[in-house]
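Single-letter residue listing:
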Amino acid sequence: MDETILQISHLSKLFGKNVVLRDIDFTVKKGDVTSIIGSSGSGKSTLLRCINLLEQPTSGHILYHGKDISSKGFNIPAYRAKVGMVFQSFNLFSNHTVLDNCMIGQRKVLKKDRITAEKTAKYYLEKVGMLPYINAKPRQISGGQKQRVAIARALAMEPEILLFDEPTSALDPQMVGEVLDVMKTLVKEGLTMIVVTHEMAFARDVSSRAVFMKDGIICEEGTPEQIFVNPSKQDTKEFLSRFFDR
Amino acid sequence: MNKMAQLGSDIVKLWGDYGNAYLSGIWSTISLAVICTAVGCIIGLLCGILQTIPCAKTDNIIKRFFLGLLRVIIRIYVEVFRGTPMILQAVFIYFALPYFSDNTLRFDSVWLAAFTVVSINTGAYMAESVRGGILSIDVGQTEGAKAIGMTHFKTMLYVILPQALRNIMPQIGNNLIINIKDTSVLFIIGYTEFFAVHKAAVGATFKYFPSATIEMAGYLILTIVCSVILRYIERRMDGTDSYSLVQADQLTLAAGTYTYPAKTGGRDYEAIKNAEQLEAGKRAGIRDVGNLNLDKNERGR
Ligand SMILES: Nc1ncnc2c1ncn2[C@@H]1O[C@H](COP(=O)(O)OP(=O)(O)O)[C@@H](O)[C@H]1O
Ligand SMILES: [Mg+2]
């Protein structure tokens, strides 16, 4: 259980002259559930996007099982298949049904045959409670349902680690619960996850580690108790008080 | 009324003499228009895909150079063939071969020349339509596809282009209808389509107006039929507005009645079963409630 999956060192990202991430060091071990909190614009999404190479890091290294993901000849599609991502805006494929959304990556990337892919897709759709909707198109289901399908789509690739970028921020309040419930199930199963979220109660209760980001740096990190109950940095206290004193 | 009756009889007489010619003209027109629109779409799709290959500043210099070159070439192609009259393009292309090869090379058939001109011309228009269609699909879907490991090509093929194609169907229809009408300029290289029949018929009979009436009606029928068919295709592409909820029991049944064999001779199937059994221990608590169907299946087999 101590196996290191990702090791990020001295990661920096600039957009033009705008420094969005500076000198981030960060390690993810198998089974870790890391929640990343911080105010809007602090670089949380950019960090996840760098990990998934949706953004190219400006400097620093991201090692996946010891291999640098920016090195020459590194198989990026294969890496992305192992590092799943769930987006705030779901990003389902509008032209495919719920079932096909969960099968297409298995078929076209993992090259599984149809029967195996369908079986796996249905297994994970059942897990997120979306099995009855396999024939629906994304435009025909609600936001919470879309996000659950997006999670199933990511899970169907059987990733080693799953990145969530504010998975409930685009949802109506009554739909947040259904998505968080699914995520709690995944935590129980021991899936390695990094979750960017504003759901503080969720982050405090389910994560094994919490990271507070501010202005592109990791300001404070520790166990959920350290961050949420006894934060040592003033910035962390201020940020949290805005959430809990309401 | 008298005149209308005369027009009627003139048309009947014309049709009696030239009916087959008109019909074969209509066939030449519609077949060329349909084929060239289809080929033009393929050219447009290729240009669209090539133009939207992402090119980051961090990519190596050779890749950036070729991508840049490609974009410039496509740009020139689009501007040249959108910006000049097709009648001129026909002459230009038709006579280019013999000119440069001192008459040793020429288009063997006028059809081939006509096909080349109209396809290339349509492709130039479609390249822009496809590019617009691709850009209109929100980048989130591209990122969603990348995040599960799809390459640019796969993302385009399975996610973006099907949607882009649906969105530009009205433009494809426009191009088809324009091609039906504008192939009439190909008389300049001697291609005998619908309008060329008119010229032949009135040359012999001087019945300008009756023949023009037949032509008007013929073109109108062609274009309206095409519009109706295109609308139908669009509706088919949209699919139904409703979907059926699937009962868990039915799923189990369906999963048990597959008739097509696995392509790999079932080897992978065994592998995943083994893998699932391995994982079963790990997930025991969840599988009891969460995976009823699959468990049933496995037991049944
Ligand atoms: N593609 C981009 N181009 C330029 N600036 C960007 C881009 N993406 C994000 N930024 C900037 O980076 C900063 C961090 O953004 P982001 O990572 O989305 O923050 P968070 O997810 O924590 O809200 C913001 O100031 C944002 O304006
Ligand atoms: Mg964000």
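Participant: Explanation requested: the overall build of chain B in the structure shown.
Facilitator: Regarding its fold elements, chain B presents 12 helices and 0 strands. Mapped from its N terminus to its C terminus, chain B presents α and β elements in the order α-α-α-α-α-α-α-α-α-α-α-α. The buried share of chain B, reckoned over its 301 residues, is 41%. Accessible surface, chain B: about 17,300 Å² in total, of which carbon and sulfur atoms supply 67%.

Participant: Got a minute to help me understand the site of ligand 1 in this structure?
Facilitator: Residue and element names in this part refer to chain A. What surrounds ligand 1 is the set Phe15, Val20, Ser39, Ser40, Gly41, Ser42, Gly43, Lys44, Ser45 and Thr46. Contact between ligand 1 and Ser45: an oxygen atom at 2.6 Å from a side-chain N or O atom of the residue. Expressed as a share of its isolated accessible area of 560 Å², the protein-covered part of ligand 1 is 59%. Sorting elements by how many residues they give to the shell around ligand 1 places helix H1 (residues 44-51) first, with 3 residues. Of the residues assigned to the shell around ligand 1, the class counts are 2 nonpolar, 7 polar and 1 charged.

Participant: It is not clear to me how the pattern of salt bridges should be interpreted in this structure. Could you clarify?
Facilitator: For side chains of opposite charge, pairing can occur when their charged atoms come near one another. Inspection of every chain in the model, using the stated rule, returns 15 salt bridges over all chains. A salt bridge links Asp205 of chain A to Arg204 of chain A, with the nearest nitrogen and oxygen atoms 3.3 Å apart. Since its relative accessible area comes to 33%, Arg204 of chain A is described here as partly exposed. Arg131 of chain B serves as the salt-bridge partner of Glu128 of chain B, at 3.4 Å between the closest nitrogen and oxygen. Linking Glu128 of chain B with Arg131 of chain B, this pair stays in helix H4 (residues 110-136), spanning 3 residues, or about one helical turn. With relative accessibility at 18%, the residue Glu128 of chain B sits in the buried group. Through salt bridges that share partners, Arg75, Glu79, Arg82, Glu128 and Arg131 of chain B make up one connected network.

Participant: Please clarify how unusual backbone geometry should be interpreted in this entry.
Facilitator: Working note: non-glycine residues mostly have negative phi, and peptide bonds are mostly trans. Residues and elements named next belong to chain A. Unlike most non-glycine residues, His65 shows phi in positive territory, near 50°. Mapped onto the elements, His65 comes out in the loop between strand S4 (59-64) and strand S5 (67-68). Phi at Phe90 is positive, roughly 65°, even though this residue is not glycine. Mapping Phe90 onto the fold places it in the loop between strand S6 (83-86) and helix H3 (98-108). The buried category is assigned to Phe90, whose relative accessible area is 12%.

Participant: Help me understand the confidence of the model for chain A, please; the structure alone is not making it clear to me.
Facilitator: Do not read the predicted coordinates in detail wherever pLDDT is low. Overall, the predicted model of chain A reaches an average pLDDT of 93, with 98% of residues at or above 70. Summarising per-element confidence for chain A, the mean pLDDT is lowest in helix H9 (residues 234-244) of chain A (87) and highest in strand S8 (residues 192-196) of chain A (97).

Participant: For this particular structure, what's the right way to read the pairing of strand S9 (residues 209-214) of chain A?
Facilitator: Residue and element names in this part refer to chain A. The element S9 is extensively covered by neighbouring structure, given that 5 of its 6 residues are classed as buried. Judged from the 4 bridges that link them, strand S3 (residues 33-37) and S9 form a sheet pairing that is parallel. Bridging across to S9, Thr34 finds its partner in Arg209. Sheet analysis places S9 next to strand S10 (residues 217-222), joined by 5 bridges and oriented antiparallel. For Ala210, the partnering residue across the bridge sits in S10 and is Gly222. As consecutive antiparallel partners, S9 and S10 are separated by 2 residues, and within that stretch Asp215 has a phi angle of approximately 50°, a positive value.

Participant: In this structure, what is going on with the sheet that holds strand S7 (residues 161-165) of chain A? I would like to understand it.
Facilitator: Within a beta sheet, neighbouring strands are joined by backbone hydrogen bonds and run either parallel or antiparallel to one another. All names here are of chain A. Pairing is mixed across the open sheet formed by 6 strands, whose spatial order is S6-S7-S8-S3-S9-S10. Looking at the sheet topology across the chains shown, the edges are occupied by S6 and S10. On average, each strand axis in the sheet is tilted by 20° relative to the strand beside it, whichever way the strands run. Examined bridge by bridge, S7 and S8 share 5 bridges and lie parallel to one another. Each bridged residue has a counterpart across the sheet, and for Asp165 the counterpart in S8 is Val196. Seen against the sheet, helix H5 (residues 143-156) touches S6 and S7 and runs at an angle of roughly 175° to S6.

What counts, and at which threshold
Residues numbered from 1 in each chain as written. Chains lettered and ligands numbered in written order. Predicted model: local features only at pLDDT ≥ 70, side-chain atom pairs only at ≥ 80, totals over all residues. Heavy atoms only, no water. Helix = DSSP H or I, 4+ residues; strand = E, 2+ residues; numbered from the N terminus. Buried < 20%, exposed > 50% of the residue type's maximum accessible area, 1.4 Å probe, protein only. Areas by Shrake-Rupley, 256 points an atom, 1.4 Å probe, with all protein chains shown as cover. Near = heavy atom within 4 Å. Polar contact = N/O pair within 3.5 Å; in protein donor to acceptor, adjacent residues only side chain to side chain. Nonpolar A, V, L, I, M, F, W, Y, C, P; charged D, E, K, R; others polar. Salt bridge = Lys/Arg side-chain N within 4 Å of Asp/Glu carboxyl O. pLDDT = per-residue confidence, 0-100. Pairing = 2+ DSSP bridges. Axes fitted to C-alpha atoms, helices over the stretch in contact; angles between N-to-C directions. Contact = heavy atoms within 4.5 Å.

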